[in-house]
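# A closer look at the structure
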Amino acid sequence: MNVSLLLIILLVGAFATYFAGDKLASKVALLFSLVAFGFSIALLNAYNAGENISFFKLWINKPDITFTLSADGLSLIMLLLTTALTPLIIYSSFGNEYKNAKSFYALILFMSFAMTGTFLASDGLLYYIFWELSLIPIYFIALIWGNGDTEERKKAVVKFFIYTLAGSLFMLIAFVYLYLMTGSFLVENLYKAGLSRTEQFWIFWAFFLAYAIKIPIIPFHSWQAQVYQKAPTVGTMLLSGIMLKMGLYSVIRWQIPTTPIASKTYLPILIGFGIAGVIYGSIVALRQKDLKKLLAYSSLAHVGLIAAGCYTLNTDGLRGAVLQMLAHGFVVVGLFFAAEIIYRRFETRTIADMGGIRSQAPKFASLFMILVLASVALPTTFNFVGEFTVLYSLYQINLWYALLGGTTIILGAYYMLKMYQQVMLGETNAKVFPDVSLHETVVLVIIIAVIFIFGLYPKPINDLITPSLDQIIRVLYKIQ
């Protein structure tokens, strides 16, 4: 099945949205995003039926660059995450008005196109091009439609752009070196590069800089909280729900199989970075007075644990990391949308100015509470499945890794429940807070349904991703 059609749908959708004009832009963008999701489901069905999901076209002769796209279980699950969250994010924005809406929604679809290409690309240079293309739309979304002081927003967005671009340049240098060694950018050839121990160390850290900034991993996180706060909520959802998963996915797909010796050598350091993010993000979240910043640091803590799972270099760790990527994607989008609902009514993100919402909006209070409990990995929720699997993989390496990583559940429960108490409970607020509208309810209910369905029955996802992860483990340990 020709997987390139998915990219064509999203790219054509971006142009169609722009030329549809401001009045129709949101609806056209939603339509094309739903078509893309439907096509992703069709790809999944074809893959399960045994069809080859790929596209190959010779692009440039010298150097040898091919337009190669392919999808295994790992790629497909990331496609499904991207194309499922994109229409939800677009639909969630219907309660806002945007100047130059045609450009705004066109950029969302173009960003989805670039992220989808990153997950599908099997040629290193093509992958790098999609990786960089995804940076352009989020830069303009955050810069033009962001909130807060204009100068502060510009500084935050430019810092993010420079950090990410600089890290990516190291990755490009690594790909060029790998091409000189193998004569190819194809991922399966890079796995067989036969690099020496020293060469692997240099390639490993070149990849690491690009991925650590994008995820982000401590100490490369300094751009994150400001950009999450200053970007419009749609931009924050795209960043936290999908874009950071590009870095985590790339660790599994490109970094550890290409540099197995370095990955094993630096395993304690890398898991340490991840766990440090868990503890640091949780502690800083406790001190936040702004709701979006609190959720930003909460996200930092969760992705720290996911990164630790990626670097355990065992099947349980990789499986748990992928499951938690998916769970985090839906939950964090739901939480940021809940914060946006509050902002629409109270016009503030300061936690101290909230309170008493439950007495005015019991339906919203219930939906928000479910998202909070999912965030702290309550059993029967999707997050519990992912976090438990990652912690189990950490336990297999060292008990202390699991104990320290488990602080994300304890600290997360404390700061999230404390936040809920301050925001939702207490005396009725003087400001009127209408309960959730139909379209707001639809978004939240869909997200909550996904959280519980796969929290109770994750087997379809496990069955889809495990063969791909087993293949990566075989490459990592040179198992025939």
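Residues numbered from 1 in each chain as written. Predicted model: local features only at pLDDT ≥ 70, side-chain atom pairs only at ≥ 80, totals over all residues. Heavy atoms only, no water.

### Some words on the overall build of the protein chain
- Helix and strand counts for the protein chain come out as 22 helices and 2 strands.
- Relative to its length of 480 residues, the protein chain is compact, with a C-alpha radius of gyration of 21 Å against a globular reference of 23 Å.
- Seen through its C-alpha atoms, the protein chain measures out along the principal axes to roughly 70 × 55 × 45 Å.
- Residue burial in the protein chain is summarised as follows: out of 480 residues, 62% are buried.
- Here the protein chain displays about 17,900 Å² of accessible surface, and carbon together with sulfur accounts for 66% of that area.
- Distance between charge centres in the protein chain, computed from 32 positive and 23 negative side chains, equals 2 Å. (Helix = DSSP H or I, 4+ residues; strand = E, 2+ residues; numbered from the N terminus. Rg over C-alpha atoms; globule rule 2.2 N^0.38 Å. Buried < 20%, exposed > 50% of the residue type's maximum accessible area, 1.4 Å probe, protein only. Areas by Shrake-Rupley, 256 points an atom, 1.4 Å probe, with all protein chains shown as cover. Lys, Arg positive; Asp, Glu negative; His and termini not counted. Charge placed at Lys NZ, Arg CZ, Asp CG, Glu CD.)

### Some details on helix α21 (residues 438-456)
- Between its terminal C-alpha atoms α21 stretches 27 Å, which fits the 27 Å expected from 19 residues at 1.5 Å a residue.
- Three or more residues of α21 are buried, namely H439, E440, T441, V443, L444, I447, I448, V450, I451 and G455. (Expected span 1.5 Å × (residues − 1).)

### Section: a nonpolar patch on the surface
- There is a patch of nonpolar side chains on the surface, built from F384, F388, Y392, Y395, L399, W400, L403 and L404 and spanning about 860 Å² of accessible area.
- Examined against the element boundaries, F388 turns out to sit in helix α18 (residues 382-397).
- Under the relative-accessibility criterion, F388 is labelled exposed at 52%. (Patch = residues over 30% accessible without salt bridge, like charges linked within 9 Å, V, L, I, M, F, W, Y side chains within 5 Å. Salt bridge = Lys/Arg side-chain N within 4 Å of Asp/Glu carboxyl O.)

### Looking at the packing of aromatic side chains
- Across all of its chains, the model carries 39 aromatic pairs by this definition.
- On the numbers, 5.2 Å between centres and 65 degrees between planes, the contact of Y91 with F94 is edge-to-face.
- The exposure class assigned to F94 is partly exposed, which follows from its relative accessible area of 29%.
- Look at F364 and F368: their rings are 5.7 Å apart centre to centre, the planes differ by 15 degrees, and that puts the pair in the stacked class. Taken as a pair, F364 and F368 lie in helix α17 (residues 362-375) at a separation of 4 residues, close to a single helical turn.
- For F364, a relative accessible area of 0% gives the class buried.
- Among the aromatic residues, those joined into a ring-pair cluster are F201, F204, W205, F208, F220, Y266 and F273.
- Cation over ring: R345 sits above F433, and NZ or CZ is 5.2 Å from the ring centre.
- It is R349 that lies over the ring of Y343; its NZ or CZ is 3.9 Å from the centre. (Phe/Tyr/Trp six-rings, centres within 6.5 Å; stacked < 30°, edge-to-face > 60°. Lys NZ or Arg CZ within 6 Å of the ring centre and 35° of its normal.)

### Things to note about the side chain of T118
- Within the secondary structure, T118 is located in helix α4 (residues 101-120).
- For T118, the side chain forms a polar contact with the main-chain nitrogen of W131, separated by 3.5 Å.
- Those residues within four positions of T118 in sequence are excluded, and the remaining contacts are Y127, F130, W131, M246 and Y249. (Polar contact = N/O pair within 3.5 Å; in protein donor to acceptor, adjacent residues only side chain to side chain. Contact = heavy atoms within 4.5 Å.)

### Some details on the pairing of strand β2 (residues 65-70)
- Bridge count between strand β1 (residues 54-60) and β2: 6 bridges; the pairing is antiparallel. Residue pairing for β2: F56 is matched across the bridge by T68.
- If you look at the hairpin formed by β1 and β2, you'll find 4 residues sitting between the two strands. (Pairing = 2+ DSSP bridges.)

### Let's talk about the nonpolar core
- Core analysis: the biggest nonpolar cluster contains 177 residues, and Y211, I342, F364 and F368 have the highest contact counts within it.
- Within the second largest apolar cluster, 5 residues are counted, among which are Y139, A142, V157 and A231. (Core = buried A, V, L, I, M, F, W, Y, C linked by side-chain atoms within 4.5 Å.)

### Quick look at the packing of helix α11 (residues 233-258) against helix α14 (residues 291-310)
- At their nearest, the axes of α11 and α14 sit 11 Å apart, and the two run at 15 degrees to each other. Overall, the two elements α11 and α14 adopt an arrangement that is roughly parallel. Here α11 and α14 pass one another in a crossing that is right-handed. Contacts between α11 and α14 pair T233, T236, S240, L244, L248, V251, I252 and I256 from the former with K292, S299, V303, I306, A307 and C310 from the latter.
- The residue inventory of the contact of α11 with α14, partitioned by class, reads 9 nonpolar, 4 polar and 1 charged. (Axes fitted to C-alpha atoms, helices over the stretch in contact; angles between N-to-C directions. Parallel < 35°, antiparallel > 145°, perpendicular 65-115°, else oblique. Left-handed = near helix turned anticlockwise from the far one by under 90°. Nonpolar A, V, L, I, M, F, W, Y, C, P; charged D, E, K, R; others polar.)

### So, the UniProt feature "domain: NADH:quinone oxidoreductase/Mrp antiporter transmembrane" (unreviewed entry) in the protein chain
- Mapped onto the present numbering, the UniProt feature "domain: NADH:quinone oxidoreductase/Mrp antiporter transmembrane" (unreviewed entry) falls at residues 122-405.
- Here residues 122-405 is 81% helix and 0% strand, with 33 Å between the C-alpha atoms at its ends. (UniProt positions renumbered as here; feature names shortened; annotations may be inferred.)

### Things to note about the pattern of salt bridges
- Tallied over the full model, the rule gives 9 salt bridges.
- Notably, a salt bridge pairs D316 with R319, separated by 2.9 Å at the nearest N-O pair. With D316 and R319 both in helix α15 (residues 315-346), this residue pair falls 3 residues apart, about one helical turn.
- For R319, a relative accessible area of 17% gives the class buried.
- Each of E340, R344, R345, R349 and E440 takes part in salt bridges that share partners, so that together they form one network.

### Regarding α14
- Helix length check: α14, at 20 residues, gives a terminal C-alpha distance of 29 Å against a target of 28 Å (1.5 Å per residue), a fit within 8%.
- Among the 20 residues that make up α14, 19 are buried, leaving the element largely enclosed by the rest of the structure.

### Considering the environment of G455
- The residue G455 is located in helix α21 in this model.
- A sequence separation of 138 residues divides G455 from G317, and the C-alpha atoms of the two residues are 18 Å apart.
- In contact with G455, other than residues within four places in its own chain, are T380, T381, F382, V385 and V450.

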